[in-house]
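# Close look at the chain arrangement
Listed here are the chains, written in short residue letters.
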Amino acid sequence: MRIKNPSSLTAHGNIAGRRAIVEILEAGLQAADPYWNAVRLVRIEGDTLVVGRPEFEPVGTPTPGDERIPFADIDRIFVFGAGKGIQRVAKALEEVLGDHLTGGHVIDKKGHPVVLERMGVSLGGHPVPDEDCVQGCEHILEMTRNLTERDLVFTCVSNGVSALLTLPAPGVTLDDVKKTTHIMQIEKGAPTSDLNPVRNHLDLMKGGRITRHIQPARAIHIISIDPGSYDQLMHRNYWLHNLPDGTTYEMAIDRLKRWEAWDEVPESVREFLLRSDPEYDSVGAGEYSAARFRVFGIMPGHGQSGKVPPAMRKAEELGFSAHLLGDEMMFIEAKQAGYYLAEIAKTIERRGEPFKAPCALFTSGEMVVAVGKSDGIGGRNQEFVLAAATRIAGSKRIVMASVDTDGTDGPGTQFVDGAEPIPCLAGGMVDGFTMQEATDNGIDLEDVLARHDTTPALWQLESGVLAEPNISLIDLTVALVLPPQS
């Protein structure tokens, strides 16, 4: 199981509902594993390396079909990558390629176990990068310095790559990037789509730049999402950094001003963006297309709601009617989302509308939390469930849970010096008894939410979901309304 603490989660409160929701979450979390598809993508047939499957090809790709490369035409094979849980992709490549693999290096999130044997691993800070992210990039760059046309490079990225793949451009320090990221994403709650035009243009690796470093080698670029449209990937991408960048310096300046962060970020950042030096610009589709490459998306059918169908099927197996209320709940404040879904569940409990119990309500997406100057420990999924707990207090039939499918919700103790070793949670689980349990333990949930300090509270209440790390397919949120006899 990916959930590591099912016993403590289901030992109190609404036990029947908690047991059901653990099974439902587990089904969704299991869906977020790219290992098996990576094994299917890359295979060896005699003396030939074969890469490809029709379902992994972007729609409209100009080079359909398997990529077949005789080993006689390859001198060396490397793997480079970054992202939360990216080792699951790299592990598959490591096992399939075996002794054909020369080496490589990937950057995963701090707290994830190191599972690779034939390539190096750096564990970096996320969502705010740290020195280990920079060192990881430097390891990758060192290995790219003498690549030739007879070398083959696999690049692989997953959610979280935008923080983990960080190497500041000249004139911008790591501290400048950290401050800018913290202001935009942590304090103001800006979504990745608005943050990335900024950090894409402060970097030497993001925005497709890694592809400059691996030339003239042949490249296979693996993205741990649905392959989608080739045109979208080539012209409107902003976060898959082994692909071309669709953002500009002008967009970066606009986003900082839109979020009222222009005057707050370091002066060096403003000067760098205003200078808009072409030498340090990101890689556009024109430059990118001149290289030898293929692109494959190894999670077909796993878009924003990709992990929801397995979770919904499990709910139905357990006797709940399953309803998807939103598969792109993007950039909504987590606390407000928790309040709203709780009210829908309460309406079902009281009136049997808009659905009859027993039912399971699902949403997916990427909520946000704007913490301002707060230094609490938490994450968007944890904030969602504790906000919901304040609204479903006293209910004997409602259980709610929310997790980030990569297994780590928020930065954990990254920003808190000397914090006690509470693990980085995947999310949380609450029911109608949680509010009273908090009171009995001297925990004021309203105060916890105001301080954005949700992890310690959930951990003390044995309602924090602890999970094995993997890639992220965004958030999975579930609300169960049990039948009246419950």
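Now for a description of the structure that goes with this document. Counting starts from 1 at the beginning of each chain's written sequence and moves along it residue by residue. Per-residue local features of the predicted model are confined to residues with pLDDT of at least 70, and side-chain atom pairs are confined, for both listing and counting, to 80 or more; whole-chain, interface and lining totals are unaffected and use all residues. Each side-chain value is worked out from all heavy atoms of the structure, with water and hydrogens disregarded.

### Thoughts on the sheet that holds strand β10 (residues 321–326)
What makes two strands pair is DSSP finding at least two bridges between them. What counts as a helix is a DSSP run of H or I of at least four residues, what counts as a strand is a run of E of at least two, and both are numbered from the N terminus. Read across the open sheet, the six strands follow the order β10-β11-β15-β12-β13-β14; overall the sheet is mixed. Each edge of the sheet is formed by a strand with only one pairing partner; in this case those strands are β10 and β14 (464–465). With five bridges joining them, β10 and strand β11 (residues 359–365) adopt parallel strand pairing. The residue of β11 that forms the bridge with Leu-324 is Phe-362. Here helix α16 (residues 380–391) sits on the sheet and contacts β12 (398–404), β13 (427–431) and β15 (475–481); the angle it forms with β12, its principal contact strand, is near 165°. Pairs of residues are marked as contacts when any of their non-hydrogen atoms sit within 4.5 Å. Whenever a helix is involved, its axis is fitted only over the stretch in contact; in every case the axis is a line through C-alpha atoms, and angles between N-to-C directions fall within 0 to 180 degrees.

### Looking at the packing of aromatic side chains
Paired rings are identified among Phe, Tyr and Trp, the last through its six-membered ring, by centres lying within 6.5 Å, and are further divided according to the angle between planes into stacked (under 30 degrees), edge-to-face (over 60) and tilted (the rest). The final tally for this structure, using the stated rule, is four aromatic pairs. Aromatic pair Phe-272 and Tyr-280: ring centres 6.1 Å apart, planes at 40°, arrangement tilted. Like Tyr-280, Phe-272 is buried. Both a distance and an angle decide whether a charge sits over a ring: NZ of Lys or CZ of Arg must be within 6 Å of the ring centre and within 35 degrees of the ring normal. Stacked on the ring of Trp-262, the Lys or Arg Lys-257 has its end atom at 5.3 Å from the ring centre. In this arrangement the basic side chain of Arg-391 is found over the ring face of Tyr-339, its NZ or CZ atom lying 3.9 Å from the centre. Three labels apply to residues, based on accessible area from a 1.4 Å probe with only protein chains included: buried if under 20% of the type maximum, exposed if over 50%, partly exposed otherwise in between.

### Things to note about the state of the cysteines
Throughout this description, disulfide means a covalent bond between two cysteine sulfur atoms. Two cysteine sulfur atoms form a disulfide, by the criterion used here, when they sit within 2.5 Å. Inspection of every chain in the model, using the stated rule, returns zero disulfides. The thiol of Cys-156 is unpaired, and the distance to the nearest cysteine sulfur, on Cys-137, comes to 13 Å.

### Examining helix α8 (residues 192–200)
Three- or four-residue spacings in an α-helix give side chains the same orientation, since the helix completes a turn every 3.6 residues. Counted residue by residue, α8 has eight buried out of nine residues, so it is predominantly covered. Along α8, the residues classified as buried are Thr-192, Asp-194, Leu-195, Asn-196, Pro-197, Val-198, Arg-199 and Asn-200. Against α6 (161–164), α7 (174–187), α11 (249–258) and α12 (267–275) lie the buried residues of α8.

### Regarding the pairing of strand β8 (residues 218–223)
Burial runs high along β8: five of the six residues are buried. In this sheet, β8 lies alongside strand β7 (residues 151–157) in parallel orientation, the contact comprising six bridges. Paired with Val-157 across the two strands is Ile-223, which belongs to β8.

### Examining the packing of helix α15 (residues 334–351) against α16
At a minimum axis distance of 7 Å, the contact between α15 and α16 shows a crossing angle of 40°. The angle between α15 and α16 places the two elements in the oblique class. Relative to α16, the crossing made by α15 is right-handed. Note on element contacts: α16 touches α15 through Arg-380, Glu-383, Phe-384, Ala-387, Ala-388, Thr-390 and Arg-391, opposite Ala-334, Lys-335, Ala-337, Gly-338, Tyr-339, Leu-341, Ala-342, Glu-343 and Lys-346. The residue inventory of the contact of α15 with α16, partitioned by class, reads eight nonpolar, two polar and six charged. By definition in this entry, angles of less than 35 degrees are roughly parallel, angles greater than 145 are roughly antiparallel, angles of 65 to 115 are roughly perpendicular, and the rest are oblique. The hand of a helix crossing depends on one turn: near helix anticlockwise from the far one by less than a right angle means left-handed, and clockwise means right-handed. The classification used treats Ala, Val, Leu, Ile, Met, Phe, Trp, Tyr, Cys and Pro as nonpolar, Asp, Glu, Lys and Arg as charged, and all other residues, Gly among them, as polar.

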